[in-house]
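Given next are the chains, with one letter for each unit.
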Amino acid sequence: MTQLKMGMVGGGTGSFIGDVHRKAASIDGMISLVCGAFSSSEEKSIASAEALGILKQRAYRSFEQMIKEEAKLPEGERMDFVAIVTPNHMHFPPAKMALEHGFHVICDKPMTLTLEEAIELEKIVHTSGKVFALTHNYTGYPMVKQAKAMIAKGDLGVIRKINVQYLQGWLATAVEKTGQKQAAWRVDPKKSGIGGALGDIGTHAENLIEYISGIHINELAADVTAFGEGRILDDDGNILLRFENGAKGVMSFSQIATGEENNLGVKIYGTKGSIEWYQENPNELVVRWLDQPKQIFTPGGNGGYPEASEYVRIPAGHPEGYLEGFATIYRSFAKELLEVQKGKQPSAQPDFPTAKDGVRGMKFIYAAVESSKQNTSWIKI
């Protein structure tokens with residue numbers, strides 16, 4: 001099997017999301033990490049590279065140096081793509097430079113710091129002809145794939161109502177004042193952007209319901225709040241949704257919901273049936289029918305859809321979760337990249353989130369912030 005070579009921007013020693021990306025990228029054996037600019041500190045970048053078994057000469061002091069030096073290497077030796085796992089304000093610069101130097105990109109979400117950057121980056125992706133993926137990892141779960149397939153086939157009938165929640169409690173206290181790095185940058189608008197929890201987890205909820213339903217949010221009415229003392233950015237929100245097909249919905253997200261861990265849940269109601277899925281119990285998709293008994297589908301279980309079983313790695317009854325969801329994004333991205341390397345054009349609709357989804361996520365953030373400023377008025381996306 002041809003192994004693709006990955007370079008990484010950010011994700012040095014002690015990074016949560018960098019470690020997640022590295023593990024996920026390695027699961028299917030299609031990708032190997034060969035270089036990185038793991039920190040803005042040259043010393044930390046080199047130390048991180050050593051800890052990861054990366055050659056010292058391929059531990060770079062900056063993403064600019066990495067991209068320039070890797071581009072000089074012969075094809076087959078240099079990295080094939082860049083994984084960007086930095087805080088939001090450092091997504092756009094390395095992504096832009098990598099694409100313009102001929103490298104494919106996989107980036108953590110939200111795509112950029114600002115909407116203007118997102119729109120520009122989508123144009124650069126299109127012009128470059130390179131593959132770009134955004135790690136909305138929850139779209140990678142097998143039961144999410146099945147839910148999407150059921151709706152696309154019309155099994156649930158016409159979709160009329162969509163509810164989604166994403167509830168966490170880790171910011172219920174002022175952890176950003178204790179030196180907790182993950183909290184510190186997320187509450188800083190210079191690094192996070194105009195959305196706090198809205199950008200961090202609200203965009204996951206937005207992307208997930210649009211992915212499963214195949215229906216875009218048309219307009220919204222949002223009430224977002226910063227409950228934490230001294231916080232500028234939101235840590236809680238409730239949003240009414242109107243979809244392009246006439247369906248209505250509700251989104252609730254929070255990072256101050258005391259006691260909650262990662263309670264992401266989706267309910268979608270059609271004229272013939274409904275689906276229900278929770279990230280904390282990802283192996284069960286509950287389906288309720290208008291005129292039949294309730295069904296519970298599991299990955300690899302009897303009656304499962306091929307659209308789901310394609311993404312199942314282990315026998316039925318063995319749990320797959322967070323890392324595997326990320327791994328599915330990486331695997332789909334890798335397959336697409338390999339086809340492009342053979343001379344094919346990038347797919348118009350690959351089965352992973354793209355720059356187009358990234359722009360929609362940023363428009364969602366901006367619309368929700370504007371709506372809340374206008375006393376929860378309706379704003380079109």
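See the structure above.
Residues numbered from 1 in each chain as written. Predicted model: local features only at pLDDT ≥ 70, side-chain atom pairs only at ≥ 80, totals over all residues. Heavy atoms only, no water.

### Quick look at the sheet that holds strand S1 (residues 4-9)
- Taken together, five strands build an open sheet; the order of strands is S2-S1-S3-S4-S5 and the sheet is parallel. Since the sheet does not close on itself, it has two edges, and those belong to strand S2 (31-37) and strand S5 (132-134), each with one partner. Taken over all neighbouring pairs, the strand axes of this sheet differ in orientation by 25° on average, direction set aside.
- As paired strands, S1 and strand S3 (residues 81-84) are joined by four bridges and run parallel to one another. From the neighbouring strand, Val 9 faces S3, where its bridge partner is Ile 84.
- In this fold helix H3 (residues 63-72) packs onto S1, S2 and S3, with an angle of close to 125° to the strand it touches most, S2. (Pairing = 2+ DSSP bridges. Helix = DSSP H or I, 4+ residues; strand = E, 2+ residues; numbered from the N terminus. Axes fitted to C-alpha atoms, helices over the stretch in contact; angles between N-to-C directions. Contact = heavy atoms within 4.5 Å.)

### Description of the nonpolar core
- Phe 132, Ile 212, Ile 239, Phe 253 and Leu 285 are the most contacted members of the largest nonpolar core, which has 79 residues in total.
- By size, the runner-up hydrophobic cluster in this structure holds 30 residues, among which are Ala 25, Ile 46, Ile 54 and Tyr 330. (Core = buried A, V, L, I, M, F, W, Y, C linked by side-chain atoms within 4.5 Å. Buried < 20%, exposed > 50% of the residue type's maximum accessible area, 1.4 Å probe, protein only.)

### A few points about the sheet that holds strand S10 (residues 263-270)
- With mixed pairing, the nine strands of this open sheet are ordered in space as S13-S12-S11-S10-S6-S9-S8-S7-S14. With one partner strand each, in any of the chains shown, strand S13 (295-297) and strand S14 (378-380) form the two edges of the open sheet. The average angle at which neighbouring strand axes cross in this sheet is 15°, direction not considered.
- Contacting strand S6 (159-167), strand S7 (217-225), strand S8 (236-243), strand S9 (248-254), S10 and strand S11 (273-278), helix H9 (residues 197-213) runs over the sheet at an angle of about 150° to S9.

### Observations regarding helix H12 (residues 355-373)
- Between the first and last C-alpha of H12 there are 27 Å, a value that for 19 residues agrees with the 27 Å anticipated at 1.5 Å per step.
- Looking one or two residues beyond H12, the residue adopting positive phi is Asn 375, at roughly 60°. (Expected span 1.5 Å × (residues − 1).)

### Regarding the pairing of S11
- Buried residues dominate S11, accounting for five of its six residues.
- Across five bridges, the pairing between S10 and S11 is antiparallel. Counted as the bridge partner of Lys 267 is Glu 276 from S11.
- Here S10 hands over to S11 after two residues, the two strands then running antiparallel side by side.
- Sheet topology note: the S11/strand S12 (residues 285-289) ladder contains five bridges and is antiparallel. Following the sheet pairing, Trp 277 is matched in S12 by Leu 285.

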